[in-house]
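Residues per chain, in single letters:
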Amino acid sequence: MNTISLTAAQIRQLVGIAKDALPNESCAFLLGHNDKVAKILPMRNIDESPVTFSIEPAELLHAYNLAESKGMQVIAIFHSHPAKPWPSSTDIKFMEINPVVWIIYSTTESQLKAFVYDDDELIKEIDIIITGVRA
Ligand SMILES: [Zn+2]
């Protein structure tokens, strides 16, 4: 995938999730089709940490089951950094295991970035497309 499409309202929702979790990292799953996000599922960061996040296995399972029941897929994983919006070495390890789009919001830089794992470059930044009202 080379792009990820979100509405302005979805971006505001992600920024809100990130700010509400401060001083810790937040996380959410983005469900949809292809590169279009249809639903944002906020997840609980059980690490309650400003440098890492983990999701309870039962909550993960619930997210995948919900996606399947709605005929959608988990197309992206969102988390926030109270730091620069670049994947950490831990993030890169999990990106390799979960090859979806990874979206990171930096609460210090107020920047949203999207990445995919890439065999050659390790990580590759992709474009975030802001769409209008969903058809
Ligand atoms: Zn991270």
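Residues numbered from 1 in each chain as written. Predicted model: local features only at pLDDT ≥ 70, side-chain atom pairs only at ≥ 80, totals over all residues. Heavy atoms only, no water.

### Some details on the environment of Thr3
Right, so step 1: Note on placement: Thr3 falls in strand β1 (residues 3–7).
Right, so step 2: C-alpha of Thr3 to C-alpha of Asp127: the two residues are 124 residues apart in sequence and 4.9 Å apart in space.
Right, so step 3: When sequence neighbours within four positions are dropped, the list of residues in contact with Thr3 reads Asp35, Ile126, Asp127 and Ile129.
Right, so step 4: Side-chain polar atoms of Thr3 contact the side chain of Asp35, separated by 2.7 Å. (Helix = DSSP H or I, 4+ residues; strand = E, 2+ residues; numbered from the N terminus. Contact = heavy atoms within 4.5 Å. Polar contact = N/O pair within 3.5 Å; in protein donor to acceptor, adjacent residues only side chain to side chain.)

### Brief notes about the coordination of the zinc ion
Right, so step 1: Bound to the zinc ion on the protein side are His79 (NE2), His81 (NE2), Asp91 (OD) and Asp91 (OD), at distances that span 2.0 to 2.6 Å.
Right, so step 2: Each donor residue of the zinc ion belongs to the same chain, with the gaps between them written as H-x1-H-x9-D. With His79 in strand β4 (residues 73–81) and Asp91 in helix α3 (residues 89–97), this pair connects stretches of sequence that are 12 residues apart. Each of the two residues, His79 as well as Asp91, counts as buried. (Donors = N, O, S within 2.8 Å, 3.2 Å for Na, K, Ca; no water. Buried < 20%, exposed > 50% of the residue type's maximum accessible area, 1.4 Å probe, protein only.)

### Structural notes on helix α2 (residues 57–69)
Right, so step 1: End to end, α2 covers 18 Å across 13 residues, agreeing with the expected 18 Å (1.5 Å per residue, within 8%).
Right, so step 2: In this fold, the buried residues of α2 make contact with β2 (27–33), β3 (36–43) and β4.
Right, so step 3: Downstream of α2 by a residue or two, Gly71 has a phi angle that is positive, lying close to 70 degrees. (Expected span 1.5 Å × (residues − 1).)

### Brief notes about the packing of aromatic side chains
Right, so step 1: Per the stated rule, a full pass over the model turns up 3 aromatic pairs.
Right, so step 2: Look at Phe29 and Tyr64: their rings are 5.8 Å apart centre to centre, the planes differ by 80 degrees, and that puts the pair in the edge-to-face class. With Phe29 in strand β2 and Tyr64 in helix α2, the pair connects residues that are 35 residues apart, well separated along the chain. (Phe/Tyr/Trp six-rings, centres within 6.5 Å; stacked < 30°, edge-to-face > 60°.)

### Here's the deal with the pattern of salt bridges
Right, so step 1: As enumerated under the stated definition, the model contains 4 salt bridges in all.
Right, so step 2: Note that Lys36 and Asp35 form a salt bridge whose closest N and O atoms lie 3.9 Å from each other.
Right, so step 3: On the accessibility criterion, Asp35 (14% relative accessible area) is buried. (Salt bridge = Lys/Arg side-chain N within 4 Å of Asp/Glu carboxyl O.)

### Things to note about the environment of Pro82
Right, so step 1: Mapped onto the secondary structure, Pro82 falls in the loop between β4 and α3.
Right, so step 2: Counting along the chain gives 33 residues from Pro82 to Phe115, while the straight-line C-alpha distance between them is 18 Å.
Right, so step 3: Those residues in contact with Pro82 that lie beyond four places of it in its chain are Leu22, Pro23, Asn24, Glu25, Pro50, Thr107 and Thr108.

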